[in-house]
Amino acid sequence: MTKAKLGIIGGSGVYELPGLKNPRWEHVPTPWGEPSDQLHFGEIGDLELVFLPRHGRGHRIPPSDINYRANIDALKRVGVTDVISISAVGSFREDLSPGTFVLVDQFFDRTFARKKSFFGVGCVAHVAFSHPVSPGFADHVEAAARAENIRVHRGGTYLAMEGPQFSTLAESLLYKSWGCDVIGMTNMPEAKLAREAELCYCTVAMVTDYDCWHPDHGDVDVPSILKIVAENADNARRLVLRLATDFPREHQPCPIGSDRALDTAIITPPEARDPDLVAKLDAVAGRVLKG
Ligand SMILES: CSC[C@H]1O[C@H](OP(=O)(O)O)[C@H](O)[C@@H]1O
Ligand SMILES: Nc1ncnc2[nH]cnc12
């Protein structure tokens, strides 16, 4: 059995995770470059947690420049098994009002200027991704939210846009008409890379606004988003602490196989693989590449 270790990626307005035992920030280098910041290690009871602010402390890094590969590699490298992604989103639904925590289970990737895979020339892989969120992990997250009386909605589709500008009205209306539920700029390729790294992934999409489609609300703006995030930061912290307190100490095999995603994914035979790329994949794919 593998020991469970919880990774937390904090989005806009969530740059630290107070309340951990033995807290320490440590630099974790990766073959893919620098993660957004040092990793913040700590414990809740006997469970180890690792927190990473997605945009770095001080929100220095815009969505398109986040080194998603380094972030996911670093979490995998230090032994994380499950990643909870806390993300600010706009809502396309009247009933998903600001302050609601949406546990999305689907993504629509409209980003176009990002590195989206650890694999490539010299080692090609295609992981299954029909169900990008690990349902067993999401069950634990939902239970933690309910135990803390947080307004939570299970299920939904997150449209990932490139940004950094917010959407035009035409785009917003189109995404809404497609049946998307929320919009953000960061969960792609983060969720894809988590799957390649065999990490269970679950997004807590914190609704901060109605994007620009809603006739009774104006344009989105950063101060309003940060105000809602600040009002909900304590809910996010309580959710994570409760999740950590109740989380199984042994990693539970993922019912959809997120944690075995590479079993059947790599198509390049060993003799045709590029040794340099294989070396870079030591943390992400070591389980299957080391034979
Ligand atoms: C601060 S408004 C736009 C910004 O907020 C979201 O970031 P995150 O997903 O890291 O919470 C959104 O995706 C944009 O990056
Ligand atoms: N309306 C919106 N569009 C894109 N990213 C967001 N993050 C928070 N609100 C957003």
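Bear in mind that the values here come from a model prediction, so they are computed numbers and not experimental data.

Considerations on the packing of aromatic side chains
Part 1: This model, assessed by the stated rule, comprises 8 aromatic pairs.
Part 2: Ring geometry for Phe108 against Trp178: centres 5.2 Å apart, planes inclined by 25 degrees, an arrangement best described as stacked. Remark: Trp178 occurs in the loop between helix H3 (169–177) and strand E10 (182–184) and Phe108 occurs in strand E7 (residues 106–109); sequence separation between them is 70 residues.
Part 3: Classification of Phe108 by relative accessible area gives partly exposed; the value is 37%.
Part 4: Summarising the aromatic geometry, the rings of Tyr175 and Trp178 are spaced 5.5 Å apart at their centres and angled 50 degrees between planes, so their arrangement reads as tilted.
Part 5: Using a relative accessible area of 3% as the deciding quantity, one classes Tyr175 as buried.
Part 6: Each residue in the set Phe92, Phe108, Tyr175 and Trp178 is aromatic and connected to the rest through ring pairs, giving one cluster.

A short note on the site of ligand 2
Part 1: Taken together, 13 residues lie around ligand 2, and Ala88, Gly90, Thr208, Asp209 and Asp211 are the ones closest in.
Part 2: Contact between ligand 2 and Asp209: a nitrogen atom at 2.7 Å from a side-chain N or O atom of the residue.
Part 3: Interatomic distance of 2.8 Å between a side-chain N/O atom of Asp211 and a nitrogen atom of ligand 2.
Part 4: The fraction of the free accessible surface of ligand 2 (270 Å²) that becomes covered by protein chains is 95%.
Part 5: Of all the secondary-structure elements, those providing two or more residues to the shell around ligand 2 are strand E5 (82–91), E10 and strand E11 (200–209).
Part 6: Per-element tally for the shell around ligand 2: the top contributor is E5, with 3 residues.
Part 7: Its residues placed into classes, the shell around ligand 2 shows 8 nonpolar, 3 polar and 2 charged.

Comments concerning the UniProt feature "binding site: substrate" (unreviewed entry) in the protein
Part 1: Per the UniProt record, the feature "binding site: substrate" (unreviewed entry) sits at Met185, Asp209, Tyr210 and Asp211.
Part 2: By the secondary structure assignment, Met185 is in the loop between E10 and helix H4 (187–196).
Part 3: Once residues lying within four places of it in the same chain are set aside, the contact partners of Met185 are Pro63, Tyr68, Arg114, Tyr158, Met161, Glu162, Gly163, Pro164, Gln165 and Phe166.
Part 4: Inspection of the secondary structure assignment puts Tyr210 in the loop between E11 and helix H5 (222–246).
Part 5: Ignoring anything within four residues of it in the chain, the contact list for Tyr210 reads Ser91, Arg93, Glu94, Leu96, Ser97, Pro98 and His217.
Part 6: Polar contacts involving the side chain of Tyr210 include one to the main-chain carbonyl oxygen of Glu94, which spans 2.8 Å.

What about unusual backbone geometry?
Part 1: The step from Gly163 to Pro164 runs through a cis peptide bond, and the omega angle for that step is 5 degrees.
Part 2: Cis peptide bonds are those with omega within 30 degrees of zero, and the linkage from Met188 to Pro189 qualifies with 10 degrees.
Part 3: In this structure, Pro189 sits in helix H4.
Part 4: Although it is not a glycine, Glu198 sits at a positive phi angle of roughly 60 degrees.
Part 5: Its place among the elements puts Glu198 in the loop between H4 and E11.
Part 6: The phi dihedral of Asp211 falls on the positive side, at around 45 degrees, and the residue is not glycine.
Part 7: With respect to the secondary-structure elements, Asp211 resides in the loop between E11 and H5.

Each value, and the rule that gives it
- Residues numbered from 1 in each chain as written.
- Chains lettered and ligands numbered in written order.
- Predicted model: local features only at pLDDT ≥ 70, side-chain atom pairs only at ≥ 80, totals over all residues.
- Heavy atoms only, no water.
- Phe/Tyr/Trp six-rings, centres within 6.5 Å; stacked < 30°, edge-to-face > 60°.
- Helix = DSSP H or I, 4+ residues; strand = E, 2+ residues; numbered from the N terminus.
- Buried < 20%, exposed > 50% of the residue type's maximum accessible area, 1.4 Å probe, protein only.
- Near = heavy atom within 4 Å.
- Polar contact = N/O pair within 3.5 Å; in protein donor to acceptor, adjacent residues only side chain to side chain.
- Areas by Shrake-Rupley, 256 points an atom, 1.4 Å probe, with all protein chains shown as cover.
- Nonpolar A, V, L, I, M, F, W, Y, C, P; charged D, E, K, R; others polar.
- UniProt positions renumbered as here; feature names shortened; annotations may be inferred.
- Contact = heavy atoms within 4.5 Å.

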